[in-house]
Amino acid sequence: MREFPKNLNPKEYEDKWYKYWQEQELYLTQDDSKKPYSIFMPPPNVTGILHFGHVLNHTLQDLYIRKKRMQGYDAQWFPGMDHAGIATQTRVEKHLKESENITKYDLGREKFIEKVLEWKDKYGGIIFEQLQRLGVSANWSKMLFTMDEKASNAVRDVFIELFDKGLIYKGKRIINWSPLAMTALSDEEVEFKEVNEKFYTMKYYFENSDKYLKVSTVRPETIFGDIAVAVNPNDERFKDLIGQYVIVPLVNRKVQIIADDYVDIEFGTGCLKVTPAHDPNDFEIGNRHNLETINTLNPDGTLNEETGEFNGIERFKARRIISDKLQELGLIEKIEDYTHNVGFSQRGGEVIEPYLSDQWFVNMKPLAEIALQPLADGEINFHPNHWVKTYNHWMNNIKDWCISRQLWWGHRIPVYYSEDGQFTAAKNEDEARVKLNLDSNAKLSQDEDVLDTWFSSWLWPMTTTGWDSENPENSHSDLAKYLPSDLLVTGPDIIFFWVARMIMATKEFNGQVPFKDVYFTSMIRDGKGRKLSKSLGNSPDPLNIIDKYGADAVRYTMIYLAPLGQDVRMDVDVNAQDIPSMEMGRNFANKIWNAGRFLQMKYNEAESSAEHILSESEYSLADKWILSKLNTAIKDIDNYIENYKVTEYSKVLYDFIWKDFCDWYVEIVKIQFNNGDEDYKKRIANFAITIFNDIIKLLHPIMPFITEEIWHLLNGDDVSSISVEDSPSFIDNSIDKTLELDFNLIQDITDEIRKVKATSQSVDANQKLDVILITNDIKNQTIINNSVQILKTLSKSSDIKVIEKLSEEPANYLSSVVKGIEIIIILNIEIDKEAEMERLSTEAKRLEGQIFGIKKKLENEKFVSNAPEKVVEIERKKLSDMTDNLNKIKESISKL
């Protein structure tokens, strides 16, 4: 058996044990004799670098996989990587420009994709190396990349099937447009920020008149696309003007005043310029009124030929020039400051442009209908549950999904066009010719666009388990065994873009739900409540934090600080790029380490072994108490894990290990060990280590590295990994609440003696003094007498006697009361009466305050009638005990 190093140093064992897990292939094994349990890892982007969102998300997943593995399940965690279309293409284009001074156009499509794949092979696995530092126990042999052949075939075949069903169509729509990347963006790739801009009120003159309508906008550069001015039909100011015409300023186009309920009477002037090609709401108004659409922007964000002299000018520069021109011509009534939310590209950081474009869409309504029922029927459960309402609202008001992207990297849209304009979706050109009734030599061209990255992600539960989209009956056996998965851990920000779509796709193409439970993680914020982000400088590199505190400390702290449904708050030292909150996890790890080191020392000192069994007849009150507390902890942990209350799980561990085991039981083991004979020492040392082995098994899912190291230090390097050991199960008849209360009496007396000595000015806190405990309760006398050695040692008393009545009052003493037991600490010096009076008066006031609160509660009829009878009885018992204590303290004050 290796000896514990004196100081905990995670760097000495973290890499060692991860290599061991990998070399032993512990997490690759699949066992058909066991009940399956599966999790699909949300695939990080190929460009991904570890951040604290990943740390929380993957720690949660690993916690459940490790726990279920130890509970005897065939636990499989399927990892994967997303090709991340826009992010990856942008990164590679930048790399090519910086390294070779070339663009994608210099290479052409095929050569560029080769460069992307080279870049992916070189840099794409970085995040998985980082996740391994965190200790994730995924089955890496199941790794899937969304551009792998099987996954790509599935994407292609699903597109074709939906196209053939009429659920995929091509149409003109207003979409989020990135002028920087020159592609459509999905809604989740747009981040809204509050922006201070100008609000321009312009003059739209009536034809051949000096009268005009006041029309306001933030975007005067779009007036070249104005097709109408809309007013609310219920707006009395404009009812008589509906149907008349006004002139668009600068453009000199005559447009009609139309009535539409969308217009907000209270906003601005009540008159809305209608620009169908550059605003989604205007586009809908245009459709309702059969209005023309005029696009005035180029894909790169410059104004186009429709704007005349402003052609080719960048949009924001054009805004300034056009507003100056309008002012010069006297066509602006006023300019005001205006604050509103503006959409920015998450990838490029530029302001996105609502843009009219030919795009491919999925008709979502039929798919949404089949995805509502699983939550209503309880097939899928959300944690926390309040996200169900959000989900249902979105699904009932769903819009069609724009799935095309103007990129080269990604799944190319499997649509083929003939020279005469016909098109169809097909696996290849030959199949397309058959579907279009063309000869075998007919020339075809494939659509240039690629699919939105989420179009592959929504198939993730099926593709990761080996779904064969061409021959479903030939799908890998994993599909039948591990789908639906048991748990998905993700952020609520992608509930619509990923969670909902996976439910739709898996129901549509596989006839079942993709997962049973969804755990939504929370936002991670600093101590000031700000979201962690690189731009704010409040998001340190997790690897640096792991280097400083250890992976286990980081994992434990993250779970402890992340209650279900609430934001995570962490103290962040921006200047030092440190997270002092992690001290808690490190201190906890040190406490565990020191306990293990002490127990090993005593085990070796006694020359103990597994054969030295402590019989039940030898159990002390403390031994029975720690067994009861251990089984209570196991029971609570199982309950919290099952109900996704992981913070509560971490707190049960903390309280039991730190307070019950380390602060109390380990100290008692020292006393029992020192007072026992040689054979007893062997047995008590082995008993304590057996308890501690169960503790580190309970701790392993959240702190895998330190528990693996301690497991081998205590049990030898030839034993198997703790991660494949059985998790402790609670033994119901070992839980004895009455016994726990009995031991609590010993704890309370110990604490009270310590407190009285520590707060008294008449004695040193560490001075050993004689103590008399006065009680006529026979049970309490027995409990105390059976544990008197423990009580003497822990309270630092020279002697403790239990009596029913004090025959003669000592000359000088300190007194207190706990649970009706009067405590007399005999002094060998004269007492400072004033100080003692003050101490007792302070305690009396504290008790009076507590008694007042309990009385108020018991006088409340609602509480008494609605609370469980047991709870009311506990409150009454507390009131009785406190009143008794108060009376005895007042008696002591009177004697003084």
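Conventions and cut-offs
Counting from 1, residues in each chain are numbered in the order their sequence is written. Local features are withheld for residues below a pLDDT of 70 in this predicted model, meaning they are given only at 70 or higher, and side-chain atom pairs are given and counted only at 80 or more; totals for whole chains, interfaces and linings count all residues. To obtain the side-chain values, all non-hydrogen atoms of the structure were included, while hydrogens and water were left out. Each helix is a run of H or I in the DSSP string that is no shorter than four residues. Each strand is a run of E no shorter than two, and both are numbered from the N terminus. Relative accessible area decides the class of each residue, using a 1.4 Å probe on protein chains only: under 20% of the type maximum gives buried, over 50% gives exposed, and in between gives partly exposed. The contact criterion used is simple: two residues touch if any of their non-hydrogen atoms lie within 4.5 Å. Surface accessibility in these figures is a Shrake-Rupley result with a 1.4 Å probe; residues are shielded only by whichever protein chains are displayed. Charged residues are defined narrowly, with Lys and Arg counted positive, Asp and Glu counted negative, and His plus the chain ends left uncounted. To locate a charge, take atom NZ for lysine, CZ for arginine, CG for aspartate or CD for glutamate. By this rule, a helix spans an expected 1.5 Å times one less than how many residues it contains. In this analysis, axes come from line fits to C-alpha atoms, helices being fitted only over the stretch in contact, and the angle between any two N-to-C directions falls in the range 0 to 180 degrees. Orientation labels follow simple angle bins: below 35 degrees gives roughly parallel, above 145 gives roughly antiparallel, 65 to 115 gives roughly perpendicular, and whatever is left gives oblique. Crossings are assigned a handedness: left-handed for a near helix turned anticlockwise from the far helix by less than a right angle, right-handed for a clockwise turn. By the convention adopted, Pro, Cys, Tyr, Trp, Phe, Met, Ile, Leu, Val and Ala count as nonpolar, Lys, Arg, Asp and Glu as charged, and the other residues, Gly among them, as polar. Between the rings of Phe, Tyr and Trp (Trp by its six-membered ring), a pair exists once the centres lie within 6.5 Å; its type follows the angle of the planes, with under 30 degrees stacked, over 60 edge-to-face, and the other angles tilted. Any Lys NZ or Arg CZ found within 6 Å of a ring centre and within 35 degrees of that ring's normal is scored as a charge over the ring.

Novice: What am I meant to see in the overall build of the protein chain here?
Specialist: Each helix and strand in the protein chain was counted, giving 29 helices and 29 strands. With the principal axes as the frame, the protein chain shows a C-alpha extent of 115 × 65 × 55 Å. Sorting the 896 residues of the protein chain into buried and exposed places 55% on the buried side. Taking as baseline every contact in the protein chain between residues at least 6 positions apart, the subset at least 24 positions apart corresponds to 77%. Looking at the protein chain as shown, the accessible area adds up to about 40,600 Å², and 45% of this sits on carbon and sulfur atoms. Computed over 109 positive and 144 negative side-chain charges, the inter-centroid distance for the protein chain is 3 Å.

Novice: What exactly am I supposed to notice about helix α7 (residues 149–164) here?
Specialist: Spacing of three or four residues puts side chains on the same side of an α-helix, whose turn is 3.6 residues. Compared with the 22 Å implied by 1.5 Å per residue over 16 residues, the 22 Å span of α7 between its first and last C-alpha is a close match. The buried fraction of α7 amounts to 12 of the 16 residues, a majority that puts the element mostly inside the structure. Here α7 has its buried residues at Ala151, Ser152, Asn153, Ala154, Val155, Arg156, Asp157, Val158, Phe159, Ile160, Leu162 and Phe163. Of the residues one or two after α7, Gly166 is the one with positive phi, at around 80°.

Novice: Help me understand the environment of Pro280 in this model?
Specialist: Mapped onto the elements, Pro280 comes out in helix α8 (residues 280–288). The class of Pro280 is partly exposed, set by a relative accessible area of 39%. Once residues within four sequence positions are removed from consideration, Pro280 is found in contact with Ile174 and Pro354.

Novice: It is not clear to me how the packing of helix α6 (residues 126–134) against helix α17 (residues 542–549) should be interpreted in this structure. Could you clarify?
Specialist: When two helices pack together, their arrangement is captured by the angle between the axes and the distance separating the axes. Where α6 contacts α17, the two axes come as close as 11 Å, and the packing angle between them is 25°. By the angle class used here, α6 and α17 are roughly parallel. Helix-helix and strand crossings are classified by hand; for α6 and α17 the assignment is left-handed. Within the contact between the two elements, α6 uses Gln130, Arg133 and Leu134 and α17 uses Leu543, Ile546 and Asp547. Class assignment for the residues of the contact of α6 with α17 results in 3 nonpolar, 1 polar and 2 charged.

Novice: Help me understand unusual backbone geometry, please; the structure alone is not making it clear to me.
Specialist: Leave glycine aside and you will find that most residues have negative phi; peptide bonds, for their part, are mostly trans. Backbone torsion omega between His383 and Pro384 reads 0°, so that peptide bond is classified as cis. Note the cis peptide between Leu483 and Pro484, where omega equals 0°. Structurally, Pro484 is set in the loop between α15 (477–482) and β22 (485–490). Even without being a glycine, Glu25 presents a positive backbone phi close to 55°. By the element assignment, Glu25 lies in the loop between α1 (14–23) and β1 (36–40). With relative accessibility at 47%, the residue Glu25 sits in the partly exposed group. Phi at Asn101 takes a positive value of approximately 55°, unusual for a residue other than glycine. For Asn101, a relative accessible area of 56% puts it in the exposed group.

Novice: I tried to follow the packing of aromatic side chains on my own but got confused; where do I start?
Specialist: Aromatic rings considered in pairs are described by the distance between their centres and by the relative angle of their planes. This model, assessed by the stated rule, comprises 50 aromatic pairs. Ring geometry for Tyr18 versus Trp21: centroids 5.7 Å apart, planes at 70°, classification edge-to-face. Remark: Trp21 and Tyr18 occur in helix α1; sequence separation between them is 3 residues, near one turn of the helix. In this structure, Tyr18 and Trp21 share a single accessibility class: buried. The structure contains a cluster of three or more aromatic residues connected by ring pairs, namely Phe159, Phe163, Trp360, Trp401, Tyr417, Phe423, Phe455 and Trp458. The positively charged end of Arg173 is found above the aromatic ring belonging to Phe361, 5.4 Å away from the centroid.

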